[in-house]
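Descriptive analysis of the structure
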Amino acid sequence: MLRVCGLTMRYPDGKVALADFDLSIEAGELVVVLGGNGSGKTTLLRCISRMLSPTAGEVWLNDTNLAALSGERLRQARLPLAMIWQHASLVRRRSVLSNVAAGALGRYGGLWTALGGLPTVERRVAYDYLGAVGLAALAGQRAGTLSGGQAQRVAIARALAQRPQVLLADEPVASLDPEAADDIMRLLRHLATHEHLAVLCVLHQVELAYAYADRVVGIRDGRIAFDRPWAELPRDAVRQLYLNEAA
Amino acid sequence: MSLDAAAPQLAERSWTEAFRSALRLMLALALVAIVVQAAIVVRARPQDLITGAYGMADIIRRAMPPDFGKIDMVWWPALETIDLGIFGTLGGIIMALPLAVLAAANLTPSRFLYYTARGVIGFARAVPDLVWALLFVTAVGLGPFPGALALSVHSIGMLGRLFAETIEHMDMAPIDALTLTGARRIQVFSHGAIPSILPSFVGIALYRLDENIRSSLVLGFVGAGGIGFELLSAMSLFQYQLVSLLLIVTFVIVIAAQRLSALLRARLG
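Structural notes, computed from the coordinates. (Residues numbered from 1 in each chain as written. Chains lettered and ligands numbered in written order. Predicted model: local features only at pLDDT ≥ 70, side-chain atom pairs only at ≥ 80, totals over all residues.)

**A short note on the sheet that holds strand β9 (residues 215-220) of chain A**
Residue and element names in this part refer to chain A. What counts here: Pairing between strands is defined by DSSP: at least two bridges between them are needed. Helix and strand assignments follow DSSP, with helices taken as H or I runs no shorter than four residues and strands as E runs no shorter than two, numbered in order from the N terminus. Axis definition: a line fitted to C-alpha atoms, limited for helices to the stretch in contact. Angles are taken between N-to-C directions and run from 0 to 180 degrees. For every residue pair, C-beta atoms are placed from the backbone, and the pair is scored as a contact if these atoms sit within 7 Å.
If you trace the six strands from one edge of the open sheet to the other, you get β6-β7-β8-β3-β9-β10, paired in mixed fashion. With one partner strand each, in any of the chains shown, β6 (81-84) and β10 (223-229) form the two edges of the open sheet. Direction aside, neighbouring strands of the sheet carry axes that sit 15 degrees apart on average. In this sheet, strand β8 (residues 198-202) lies alongside strand β3 (residues 30-34) in parallel orientation, the contact comprising four bridges. Each bridged residue has a counterpart across the sheet, and for V33 the counterpart in β8 is V202. Set on the sheet, helix α6 (residues 148-161) makes contact with β6 and β7 (166-170); between it and β6 the angle comes to about 170 degrees. Running at roughly 155 degrees to β8, helix α7 (residues 178-195) makes contact with β3, β7 and β8 of the sheet.

See below:
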């Protein structure tokens, strides 16, 4: 479903953030990426989503190489790929329901949505997605009034409104308390298992990776350190990722 | 430290102190020179204040009591003045909005459009509204319409600049998030940017409305309608009691606009 081949990202200052990176992920899989600060985790997600243009390599989403596209063709091809962030990045002055329904905007053209309107059908569907993340009761509330955990759930509902096949999550629990973090990871696990989404999640919490991931990818200095099912992953290998950072 | 050892340091410090004192004296002299040259250039004559006070007292005496009998004549120019401010502000908003998007570094589609928009905004601001009014009076004739046009164009300067700064300081995270959902540029702007910046925009526009209503009073002096035009006519005809009535109405309009604008902005905050 999502395949990354030889992905390389070199910044203008010469720093290599990703080097010849290979990764693949199938529908129904939850893959966690672990690595120290500055190891290239976020750059990986940004290159896959094409927020950054990789220096070299390919990003295959089904049969389309996103790395070779730009402009309107990239926008169209990227529609099955959704992303959630460390901070929920909601429009604080809009209602929770409007924030979720906005996830569907990419499928609509026309004057109504260009002027700030939302299709009625998407509002109804958005309500269902809010129900799926357990927040239907807050649909009419302003997004700016939500707690961190609630806001992250709304961001996930917005991503679902996009009807994605692949969900990228960049440290989605970094600013949450342990209970809320566990809730979010359980939700991502549920989406992978029951909605057959391919979920690629960057985390710092090793215990959450062990608890929820099908596979764990270790990244060090922009290169793959390991890529294994969690059951086969020795704890020492993970510790090594962070020890190197401390050294 | 002995006194002998400290002597070179003390000598150096006294030189530094002397230098600083001389510098302060030179700055003070320069300041006096600037004030004196300004007084010479404007031909300031303090004795005229005394003789002028008699003239002013005479005008005030002749202006009292205000001629409230002519209040019916004042309603229409007063409404014209308020509407000049409203039209000028609305026109300014309509023209400033697209320019502000182009002039905001984080949303502009190209550097060329960025500098062009900044240039237009800067030019509209640099030319005073009175000069714009003179130009429009020449172009479209006397009356409130050229005044409204002048206020619209001049408002682009302030509105465009403040709108662009508001856009530049907005939180970009929701914009990036919406962009990645596949929303088109215009959808990202209307669904992500507008809701975030609208309260600030309304506050800026209300402040400008207050400014424009005050400016519209002066524009009448160059034939652009409103109370200013009536004020000029009454002064030319030595109708000082009407002048005082017009000044009272002006005062009420300005204070009311100021209070209303402040009230609405406070509610938005």
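**A few points about the nonpolar core**
Under the convention used in this document: Here a nonpolar core is just a set of buried residues of the types Ala, Val, Leu, Ile, Met, Phe, Trp, Tyr and Cys, joined wherever their C-beta atoms sit within 7 Å. Residues with at least 20 neighbouring C-beta atoms inside 10 Å of their own are called buried, those with 12 or fewer are called exposed, and the rest are partly exposed, where every C-beta is derived from the backbone.
Core analysis: the biggest nonpolar cluster contains 134 residues, and V32, V100, V154, L188 and V199 of chain A have the highest contact counts within it. Top element by residues in this core is helix α6 (residues 144-168) of chain B. It accounts for eleven residues. Setting aside anything within four residues of it in sequence, one finds V199 of chain A in contact with L30, L167, A169, L188, L191 and A192 of chain A.

**Description of the sheet that holds strand β2 (residues 16-25) of chain A**
All names here are of chain A. One open sheet accounts for four strands, arranged β2-β1-β4-β5; its pairing is antiparallel. For this open sheet the edge positions go to β2 and β5 (64-65), each flanked by a neighbour on one side alone. In this fold helix α1 (residues 41-48) packs onto β1 (2-10), β2 and β4 (56-61), with an angle of close to 65 degrees to the strand it touches most, β2.

**Some words on unusual backbone geometry**
Trans is the common state for peptide bonds, and a negative phi is the common state for residues other than glycine. Residue and element names in this part refer to chain A. Notably, S89 is not glycine yet its phi reads approximately 55 degrees, a positive angle. Secondary-structure assignment places S89 in the loop between β6 and α3 (96-101). Although it is not a glycine, D221 adopts a positive phi angle of roughly 50 degrees. Relative to the helices and strands, D221 resides in the loop between β9 and β10. Among the residues examined, D221 registers 16 C-beta atoms within 10 Å and is labelled partly exposed.

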